[in-house]
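Here is what each chain is made of, one letter per residue.
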Amino acid sequence: MTGESEFQAFLDVTPQEKKKFGNVMIIGLGMIGGSFAKALKERGLATLYGVDRREGELALGVSTGVIDHPAELSHEYVSQMDVIVLATPVRAMESVLADLKPLLLEKTLVTDVGSTKGSVVESVRRVFGFVPANFIPGHPIAGAEKSGVLASNSQLFEKHMAIVTPLPDSDPTLLDRLHRIWRAVGADVVSMDVNHHDHVLASSSHLPHLLAYTLVDALASGERSQDIFKFAAGGFRDFTRIASSDPVMWRDVFMANKDATLATLDHFTDRLADMRAAIEQGDGASMFGVFTRAKSARDHFLRLLEQRTIGSAKEVRPVSVSVLPASAIKGNISLLGDKSLSHKVITIAALSVGVSEVKNIDLTGDVRITMQAFRDMGVVIEEVSADCVRIHGVGLYGLKAPIAPINVHESRESLYLLLPVLAGQSFAVSVVAEGKLLNQSMSDLFSLLRKMGGSVVSEVVDCLPVTLSPGDSLNVDVNLKTGSGNLLMAAFLSALYSPEMGRVKPLLPGLSHCEVLLQRFGKNMTKSGEGFNVPPVPLVGTDIVLSGDEYEAVWLVLLASLLPGSDLTIENVGLDSVSFDFLSFLMSIGADVVIPPLAESGLYEGKLQAGFAELSAFVLSAEQSYQLRDELPLLCVAAAYAKGDSCIEGVGDLPYYYEDRVLALVDALESMKIACEYEQGDLLIKGGFPQGGELDCAGDDRLALAMLSLGARSQSVTKVNDCQKLLEEFNELESVALQLGFHCSVAQ
């Protein structure tokens, strides 16, 4: 036979000169088998031999460089092979295996590329009486509608999955070789049980092909077939593309994977019947729910696909904001909803019974992480407009298990809201994160979750990623030891799942937005000493208009206080106890501020007014420093412009990230020639006249706002670098500045 002389010549080569995977025989030179051969050959990894009942395909394989030599199933060839790959149709494998049986050596790795594994394993058992240790099934998740050796593509397996399905008795050395050979052609290799593989592929590959074939056949045989195909658009083309695949191969697949395909088909037809009923009954909410969950699931698939095919994250261009001195801010303005409130209201509305419409909501930045998580768990969230959503709540226990781990990315707010909610569900779920949230201790939050009664398991103690599993629900009774707003909301959410009565005692007195939001959704909590009793009553959907962003409001008030000629009115504030105390403190040192009245909700709601005023030096006690820890950078700026020496006590006793933020601002003050002294945890700032310059906020949005206000009346332009996070959190910055006459510019 042609190629025998070359084959003999290869046998005379010394072992040192042999290629990495030695002799590889491909039985069946179709598109998959040919692509695998070509991938190995072009990379110089093996000497390739092809076997095919079609002489023409063998000749083309050699002439096009897919294989090195044609071969046959004889002792002369088979005994010299290191790897044999069965790339024949699934139904033909038993016949091929019977031919191979008397020829095989135990040292030869035998694998296949079939899309069903159970039928292949059964064929092996029928031929051999057992599954030999050197036979290890496999399946590359790659392909195209074309067939034959001329469709061979050496890059076909790049960034695609290759599933290896070993059996308990598989030879570990050969199994390792199979992993390595698939990795060598660019595939991402995973292991999977044979039965699990067949059910997964029945859902992800076999059923879509069945639907595409059936749909095209049904439409082609209908009365309006000509017009249907004439006017069909891209969606029809994309959905039915796979109906152009090899009919013989797919007939064999469905016959070989009958049980798994029928189980998947039954599940689909049940859901299709539900959809038919929803259409018949005009049940728009049910339809929208299916569409939302389907979009969420497909978006997840596309994200996974993008990670496999692209891998690296997009480059982020640095952003700086420059502020010209001697501005004045004038005008009436309404601010977009508070971002923290936007996270919280999405969470509470999703857990309520009924529909909620939320207006003036901020849907930018990491708010979408929280929203996507609830969509992944079956909550219908309609985006009515850019700042309005309609949320179809499912109740405390109505969430559905997501198809993949919940990813909070780098959003701490999302993490603290989602974990207690997930810990209260009846299903197990994993939560993953990225960047700064990884390998960071979450002991305070995880301790709270354990009080709910379920299991909290993480590979690194109290760090993400984490897996939550349900247990016996317990009544949550929490005495918080920190003033963290995130932990306070997490505590209230965990208390919602108490079977009888939950109790939460905040560290600091006063009223926060957490309690107010829960009250607005029907959770009538009562005071108990210094804490709150949380009764086991359902949350009820409601319509709500969010007040403007609180931190942006107090920042604008500080700006108005510093800039002569300013006359500011913010129309839609809702101030909690901390913001009220901050503004009251500014008033105590001379600020001209009019705070809105106390509303029935317990917040100060309505118009907030401010104008220029000379500020006096001050002393802030350690207790005040802790209470106003988020606003300390703004108070440092107030001290820089105040007359006299100001002292901020207790900075060294703050949690490290608050202290670091203050000390970073101290560096900025000193670079702008404002004298500061930091001794034994207390900060002394001598009032003066900042000179301007170039500052770096290190990606901290609140530090960036403080630095911009520091430059508002400086002697020269102040440029603040690394402001990407600022523009994510305060995406209205440029429009607000323009509206009020504050001269700042953004540059990349």
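Residues numbered from 1 in each chain as written. Predicted model: local features only at pLDDT ≥ 70, side-chain atom pairs only at ≥ 80, totals over all residues. Heavy atoms only, no water.

1. Remarks on unusual backbone geometry
It is generally the case that most residues other than glycine have a negative phi and that most peptide bonds are trans. Residue Pro 465 is reached from Leu 464 by a cis peptide bond, and omega for that bond is 0 degrees. Positionally, Pro 465 belongs in the loop between strand E16 (455-458) and strand E17 (466-469). The backbone phi angle of Lys 673 is positive, close to 70 degrees, even though this residue is not glycine. According to the relative accessible area criterion, Lys 673 is exposed, its value standing at 56%. (Helix = DSSP H or I, 4+ residues; strand = E, 2+ residues; numbered from the N terminus. Buried < 20%, exposed > 50% of the residue type's maximum accessible area, 1.4 Å probe, protein only.)

2. Digging into the side chain of Asp 462
Checked against the element boundaries, Asp 462 lands in the loop between E16 and E17. Reaching out from Asp 462, the side chain makes a polar contact with the side chain of Arg 450 at a distance of 3.1 Å. Not counting the four nearest positions on each side in its chain, Asp 462 is found in contact with Gln 440, Ser 441, Met 442, Ser 443, Phe 446 and Arg 450. (Polar contact = N/O pair within 3.5 Å; in protein donor to acceptor, adjacent residues only side chain to side chain. Contact = heavy atoms within 4.5 Å.)

3. Regarding the packing of aromatic side chains
According to the stated counting rule, one finds 13 aromatic pairs in the structure shown. Consider the rings of Tyr 657 and Tyr 658, whose centres lie 4.8 Å apart with planes at 50 degrees: the pair is tilted. Tyr 657 gets classed as partly exposed once you look at its relative accessible area, which sits at 45%. Site record: aromatic cluster; members linked through ring pairs are Phe 36, Phe 157 and Trp 182. When the ring centre of Tyr 626 is taken as reference, the NZ or CZ atom of Arg 629 above it lies at 4.4 Å. (Phe/Tyr/Trp six-rings, centres within 6.5 Å; stacked < 30°, edge-to-face > 60°. Lys NZ or Arg CZ within 6 Å of the ring centre and 35° of its normal.)

4. What about the environment of Leu 628?
Mapping Leu 628 onto the fold places it in the loop between helix H22 (622-627) and helix H23 (632-641). Here Leu 628 falls in the buried class, since its relative accessible area comes to 2%. With 472 residues separating them in the primary sequence, Leu 628 and Leu 156 have C-alpha atoms 59 Å apart. Residue contacts for Leu 628: discarding those within four places in its chain leaves Val 578, Asp 581, Phe 582, Leu 620 and Leu 635.

5. Some remarks on the sheet that holds strand E28 (residues 676-679)
Pairing within the open sheet is mixed, and its four strands lie in the order E26-E27-E29-E28. The sheet terminates laterally at strand E26 (619-620) and E28, the two strands that pair on one side only. Bridge analysis of E28 against strand E29 (residues 682-686) gives four bridges, and the strand direction is antiparallel. Across the sheet, the residue bridging to Glu 679 is Asp 682, located in E29. Lying on the sheet, helix H24 (residues 656-671) is in contact with E28 and E29; it crosses E28 at an angle near 150 degrees. (Pairing = 2+ DSSP bridges. Axes fitted to C-alpha atoms, helices over the stretch in contact; angles between N-to-C directions.)

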